[in-house]
Amino acid sequence: MSRVMVVEDDETLADNIRTYLERAGWDVRVFGSVEEALAVLDTLRPDVIVADYLLPGKTGLDLLKEVTALDPQIKVVMTTGHGEVQLAVEAMKCGAYDYLCKPLVLAELNLLLERAMGAARMEKALSFYHSNQARGSGLAAMLGESPAMHQVKHRIRQILQTEAAVTDGMLPSVLITGETGTGKELVARALHFDGVRRDGPFVEVNCASLPANLLESELFGYERGAFTDAKERKVGLVEAAEGGTLFLDEIGEVDMSIQAKLLKLLEERSVRRLGSTRERQVNVRIISATNQDLEKMVRESRFRSDLFFRLRIITLQLPPLRERREDILPLAQHFLALHGNRYGKRNIKLGHKSECALLSHTWPGNVRELQNVLEQTVLLSAHDTIECSDLALTPVVHESVAATMGGSEGAPVMIPGSCVKLLDLERQLVKQVLEQTGWNVSKAAVELGISRDMLRTRMERHGLVRPEK
């Protein structure tokens with residue numbers, strides 16, 4: 001039962017309000033002055049307050065200010081005489097939900113209270129959603145102590161310190177680059193939830209998941225009748241991010257026609273809904289992310305150069321997991337504990353050989369791949385110690401290596417230095433296990449936690465042939 005506090009010095013009116021609202025299902029508490037109401041406000045914690053503006057002693061406006069300071073989610077409805085409408089308008093400016101003029105129509109009051117309760121529930125739901133978003137976000141959630149990750153965290157702290165000193169509130173746009181699965185969204189959340197806009201909304205848009213026409217309407221909104229299915233007005237995600245951050249993931253997938261509108265948003269801080277002639281000013285901070293080479297796309301005329309330069313006022317490059325190998329086992333332990341708790345396997349741990357297998361894997365899917373591998377492994381493992389055969393590792397080759405393998409037979413292979421080291425490590429590991437098992441492919445495959453066919457593929461890749469006796 002929702003609780004309503006009525007503050008009214010007219011006893012007859014107060015009794016009538018109490019009787020009507022109690023019959024409508026409200027829990028009603030009546031007080032004759034602001035002082036009486038304030039004495040129990042903290043312990044009573046009503047959902048809605050109905051207060052007369054002119055009361056003996058303190059006024060309804062004084063009560064409104066006290067309520068706003070205690071709990072802004074408590075809705076206050078002000079009642080006034082016909083000659084006091086200006087006072088009610090002043091109360092609305094100070095945060096009152098609405099007002100009614102006397103003599104009161106009790107049915108109208110009941111409907112207004114129901115709307116106020118609906119608004120309060122919506123605000124509580126949004127507050128819960130925002131606090132859920134903030135939990136597990138920020139720098140504290142970015143695991144990794146490798147030199148590469150220390151550099152990334154230092155860069156983020158630099159950005160946060162700089163933004164704290166911005167005087168006009170207009171924060172510079174940030175472009176986060178890196179391979180798929182490196183944690184670009186995590187960095188965007190750290191910049192928001194550890195930054196000056198932490199209390200504002202964090203709105204994420206995956207630009208690759210929506211076709212161009214739908215992405216445009218989702219971002220900028222539309223007016224009723226703007227197109228065939230526009231049966232009512234819709235606020236776009238840009239406006240929904242007012243006072244907070246708009247995170248544009250996979251920005252390289254945005255159509256050229258929408259790029260022009262994004263450029264206008266960045267330059268003029270304004271949007272125009274589809275079907276509207278009115279420009280709306282917005283105060284939104286833009287963070288974008290991509291796993292593509294935007295500079296190459298600019299050269300190929302597939303991405304606007306002016307938008308590219310506006311997006312990358314600040315750039316953050318995230319290292320792939322193969323370049324921060326010191327973080328593989330700590331991350332694995334974290335995901336193991338996370339999913340172990342989730343699936344009721346709290347004693348699960350990695351065996352020595354499984355740790356070696358994780359360290360030797362190339363991780364083309366980066367941290368996301370590592371997390372998925374550990375979740376699947378925990379889910380399907382039948383015992384507490386994870387062995388190589390339990391790991392759900394996929395036989396993959398780094399993209400740069402796979403591309404070179406598609407060339408003609410006998411063509412020279414150009415492989416980056418980091419990949420050469422990884423391939424050398426793989427070759428040494430496979431050769432070592434083959435020698436230990438007397439070149440028994442079946443036993444070596446079991447030791448390595450891969451299939452016989454997979455092992456034969458790697459033997460062919462590295463030119464490993466059983467020596468003749």
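For the structure itself, consult the block above.
Residues numbered from 1 in each chain as written. Predicted model: local features only at pLDDT ≥ 70, side-chain atom pairs only at ≥ 80, totals over all residues. Heavy atoms only, no water.

Undergrad: Could you clarify how one ought to interpret the packing of helix 13 (residues 328–342) against helix 14 (residues 352–360) in this entry?
TA: A pair of packed helices can be characterised by two numbers: the angle between their axes and the separation between those axes. Running from N to C, helix 13 and helix 14 cross one another at 120 degrees; their axes reach a closest spacing of 10 Å. Comparing the axis directions of helix 13 and helix 14 gives the class oblique. Crossing handedness for the pair helix 13 and helix 14: right-handed. Side by side, helix 13 and helix 14 meet where Ile328, Leu329, Ala332 and Gln333 of the first sit next to Glu355, Leu358 and Leu359 of the second. Counted by class, the contact of helix 13 with helix 14 contains five nonpolar, one polar and one charged residues. (Axes fitted to C-alpha atoms, helices over the stretch in contact; angles between N-to-C directions. Helix = DSSP H or I, 4+ residues; strand = E, 2+ residues; numbered from the N terminus. Parallel < 35°, antiparallel > 145°, perpendicular 65-115°, else oblique. Left-handed = near helix turned anticlockwise from the far one by under 90°. Contact = heavy atoms within 4.5 Å. Nonpolar A, V, L, I, M, F, W, Y, C, P; charged D, E, K, R; others polar.)

Undergrad: Even after reading the chapter, I still don't get the pairing of strand 2 (residues 27–31), so can you show me in this structure?
TA: Residues in a regular strand project their side chains so that they alternate between the two faces of the sheet. In this structure, strand 1 (residues 3–7) lies alongside strand 2, joined through five bridges in parallel fashion. Looking across to strand 2, one finds that Val4 is bridged to Val28. Regarding the hand of the β-α-β motif, the stretch spanning strand 1, helix 1 (residues 11–23) and strand 2 is right-handed. (Pairing = 2+ DSSP bridges. Right-handed = clockwise from strand over helix to strand, strands pointing away.)

Undergrad: When you look at a negative patch on the surface in this model, what are you seeing that I'm missing?
TA: Together, Asp9, Asp10, Glu11 and Asp15 make up a region of like negative charge exposed at the surface. If you trace the backbone, Asp15 turns up in helix 1. The partly exposed category is assigned to Asp15, whose relative accessible area is 42%. (Patch = residues over 30% accessible without salt bridge, like charges linked within 9 Å, V, L, I, M, F, W, Y side chains within 5 Å. Areas by Shrake-Rupley, 256 points an atom, 1.4 Å probe, with all protein chains shown as cover. Salt bridge = Lys/Arg side-chain N within 4 Å of Asp/Glu carboxyl O. Lys, Arg positive; Asp, Glu negative; His and termini not counted. Charge placed at Lys NZ, Arg CZ, Asp CG, Glu CD. Buried < 20%, exposed > 50% of the residue type's maximum accessible area, 1.4 Å probe, protein only.)

Undergrad: Any chance you could explain the packing of helix 2 (residues 34–44) against helix 3 (residues 60–70) here in plain terms?
TA: Where helix 2 meets helix 3, the closest approach of the two axes is 10 Å, and the angle between their N-to-C directions is 10 degrees. The angle between helix 2 and helix 3 falls in the class roughly parallel. Residues Val34, Leu38, Leu41 and Asp42 of helix 2 lie in contact with helix 3, whose contacting residues are Gly60, Leu63, Glu66, Val67 and Leu70. Residue composition of the contact of helix 2 with helix 3, grouped by class: six nonpolar, one polar and two charged.

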